[in-house]
Amino acid sequence: MGRKLAPLFFAAFLAYGYNNIFMTLTPSFVVAAGGTLAEAGLQNSVYLAAAVLLRFAFGPAADRWGTKPVMLVGLASFVLGGVLFPLCVEFWQMLLVRCVQAVGLASFWSSATATVSEAAPPQARGRWLGLYRLTTSASLLLGPLVAFGLVKAAGFAACFRVLAGCSAVALVCVGAMRLPRRHRCERLRVTSSCAKGSFPLPGVVGIAVAGTFVAAMGYGLLFSFGGTFISAAGMTGNEGWCFTLIGLGGLAANPVAGILCDCRDARRLFGVHGLLMGMGVALFAVAASSLPALVVSGLCIGYGYAGAMVCAQAMIARQVAEGRQATALALQQNAIDVGIASASALYGGVFSALGPSAAEPFLFQACFVTIRGVVLVAVRSGSRDDSKGSSA
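Cut-offs used in this document
- Residues numbered from 1 in each chain as written.
- Predicted model: local features only at pLDDT ≥ 70, side-chain atom pairs only at ≥ 80, totals over all residues.
- Heavy atoms only, no water.
- 1 Å grid on protein atoms, 1.4 Å probe; cavity = no way out; pocket = protein on both sides within 12 Å on 5 of 7 lines; lining within 4 Å.
- Points joined across faces, edges and corners; volume = space filled by probe spheres on them.
- Helix = DSSP H or I, 4+ residues; strand = E, 2+ residues; numbered from the N terminus.
- Nonpolar A, V, L, I, M, F, W, Y, C, P; charged D, E, K, R; others polar.
- Phe/Tyr/Trp six-rings, centres within 6.5 Å; stacked < 30°, edge-to-face > 60°.
- Buried < 20%, exposed > 50% of the residue type's maximum accessible area, 1.4 Å probe, protein only.
- Lys NZ or Arg CZ within 6 Å of the ring centre and 35° of its normal.
- Core = buried A, V, L, I, M, F, W, Y, C linked by side-chain atoms within 4.5 Å.
- Contact = heavy atoms within 4.5 Å.
- Axes fitted to C-alpha atoms, helices over the stretch in contact; angles between N-to-C directions.
- Left-handed = near helix turned anticlockwise from the far one by under 90°.
- Salt bridge = Lys/Arg side-chain N within 4 Å of Asp/Glu carboxyl O.
- pLDDT = per-residue confidence, 0-100.
- Expected span 1.5 Å × (residues − 1).
- Bend = angle between axes of the 7 residues up to and from the residue.

(A) Quick peek at empty space enclosed by the protein. Summed over all chains, the structure comprises 1 cavity of 30 Å³ or more. Along the walls of the largest cavity sit Trp109, Ser110, Thr113, Gln313, Leu329, Gln332 and Gln333, which together make up its complete lining. Those elements that place two or more of their residues in the lining of the largest cavity are helix H4 (91-119) and helix H12 (322-354). Taken together, the residues of the lining of the largest cavity break down into 2 nonpolar, 5 polar and no charged.

(B) The packing of aromatic side chains, seen in detail. Counted by the stated rule, this structure contains 22 aromatic pairs. Their ring planes at 80° and their centres at 6.2 Å tell us that Phe9 and Trp128 sit as a pair that is edge-to-face. Of this pair, Phe9 sits in helix H1 (residues 2-32) while Trp128 sits in helix H5 (residues 125-154), and the two are 119 residues apart along the sequence. Each member of the pair, Phe9 as well as Trp128, carries the same accessibility label: buried. Ring geometry for Phe229 versus Phe284: centroids 5.4 Å apart, planes at 40°, classification tilted. Of this pair, Phe229 sits in helix H8 (residues 201-232) while Phe284 sits in helix H10 (residues 266-287), placing them 55 residues apart in sequence. By the burial criterion, Phe229 is buried, and Phe284 matches it. The ring of Tyr47 is capped by Arg98, whose NZ or CZ atom sits 4.0 Å from the centre of that ring.

(C) Representation of the nonpolar core within the structure. Of all hydrophobic cores here, the largest spans 103 residues; its most connected members are Leu8, Phe108, Phe284 and Phe362. Excluding residues that lie within four positions of it along the chain, Phe362 makes contacts with Leu221, Leu222, Phe225, Gly226, Phe229, Val281, Phe284, Ala285 and Phe351.

(D) Geometry of the packing of H4 against H5. Contact geometry for H4 and H5: axes closest at 9 Å, N-to-C directions at 145°. Between H4 and H5 the crossing geometry is right-handed. Two secondary-structure elements touch here, H4 through Phe108, Trp109, Ala112, Thr113, Val116, Ser117 and Glu118 and H5 through Arg125, Trp128, Leu129 and Tyr132. Classifying every residue of the contact of H4 with H5 by side-chain character gives 7 nonpolar, 2 polar and 2 charged.

(E) Main features of the layout of surface pockets. Put simply, the largest pocket is a space of about 1,600 Å³. If you trace the largest pocket, you find 46 residues lining it, with Asn20, Leu140, Tyr219, Phe223 and Ile340 closest to the centre. Mapped by element, the contributors of at least two residues to the lining of the largest pocket are H1, helix H2 (37-65), H4, H5, H8, helix H9 (239-263), helix H11 (291-319) and H12. Considering only residue class, the lining of the largest pocket consists of 23 nonpolar, 20 polar and 3 charged.

(F) Quick look at the pattern of salt bridges. Enumeration over the complete set of coordinates arrives at 3 salt bridges. Residue Arg55 is joined to Asp337 by a salt bridge in which the shortest nitrogen-to-oxygen separation is 2.9 Å. Of this pair, Arg55 sits in helix H2 while Asp337 is found in helix H12, placing the two residues 282 residues apart along the sequence. By relative accessible area, which is 11% here, Asp337 ends up buried. Notably, a salt bridge pairs Asp265 with Arg268, separated by 3.3 Å at the nearest N-O pair. A relative accessible area of 33% means that Arg268 is categorised as partly exposed. Within this structure, Asp265, Arg267 and Arg268 form a network of salt bridges that share partners.

(G) Expanded view of the environment of Trp65. Structurally, the position occupied by Trp65 is in helix H2. Classification of Trp65 by relative accessible area gives exposed; the value is 62%. As a C-alpha pair, Trp65 and Gly323 span 258 residues in sequence and 9.7 Å in three-dimensional space.

(H) Focus on the confidence of the model for the chain. When pLDDT is averaged across the chain, the result is 84; 88% of the residues are at 70 or more. Within the model, pLDDT remains below 50 along residues 183-188, and this stretch shows 14 contacts once partners closer than five positions in the same chain are excluded.

(I) Expanded view of H5. Helix length check: H5, at 30 residues, gives a terminal C-alpha distance of 42 Å against a target of 44 Å (1.5 Å per residue), a fit within 8%. Taking the largest bend as the criterion, H5 deviates by roughly 30°, centred on Leu142, and proline Pro144 comes between one and four positions later. Downstream of H5 by a residue or two, Gly155 has a phi angle that is positive, lying close to 100°.

Here it is as structure tokens:
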């Protein structure tokens, strides 16, 4: 099993690293090319918005024609984007290339996750999804650090070309994969015999998407305004600690949450991780001036958020037919991007009115995430037996 998925895991590590590096480097590139700070932010917003729209096409396409061709299209767009971006001299050209790269963001992510879900044994899907997310999360810790060093040594153009080469390697890895071919009728049946807490298909996807959106809003709030809040609380110099701890908490959560989802109700675990994240955000709001409290809150937020994402994907993997998983996972990925963007827009206005030291946005979001967690833990659903043999 590990040998079969190893090429995909390596390709995903490279693709996620590509995305993370471009998200962090392109604002600096735009400014260095004579653009404004507004334009630097706009190009990433256009990239994410284009990906959200494109997923409505690529999700169903992966379900209809298979995930492998869709992943290859996405990686090819990353290669093309890496080659073209350093050639851009006008801002409209940069926006056009970012839209090309949005094809990769829209097509690769959900298709790769669906591939892991389909290839993994039904009783171990949570474990393999957790390991997959662990692999992709590791790219965030390494990618930007290496990229900034490369830019300092050789410039933006060299870094972008290296990223194009990494995407080409990922393209070869996915192209060389041998995936099992199933008839479409077979892929439209739920194969998991352990789908506890069964809901109808719209309910499963709705819970996963809505819960993901709420958690992503908290994540977006922290990453957009957490640094300025910590500085306003008099803890200047500890901003990096907070985000590092969130990352470490997420790394720990991915495999553990995946293993738990294989033997427990993924929906209730989804709620439990939300409660943990809500506790972390609340602690961050009331005790950000204390370094020990900052450590605890960072770990709780990271563990809760990453664990919640694994649980949402495990719910889809266990209760949605393989022939519809790519579409469902595309909707879940859209919920992440829209949730993060919504938090930046909504809470940006609040902080503008109340000041950077305002704790109210964090407390409100903590309550929002906690309520969502309580509902997921408390709501009753069908029995384990009801889910056997059901079709979606």
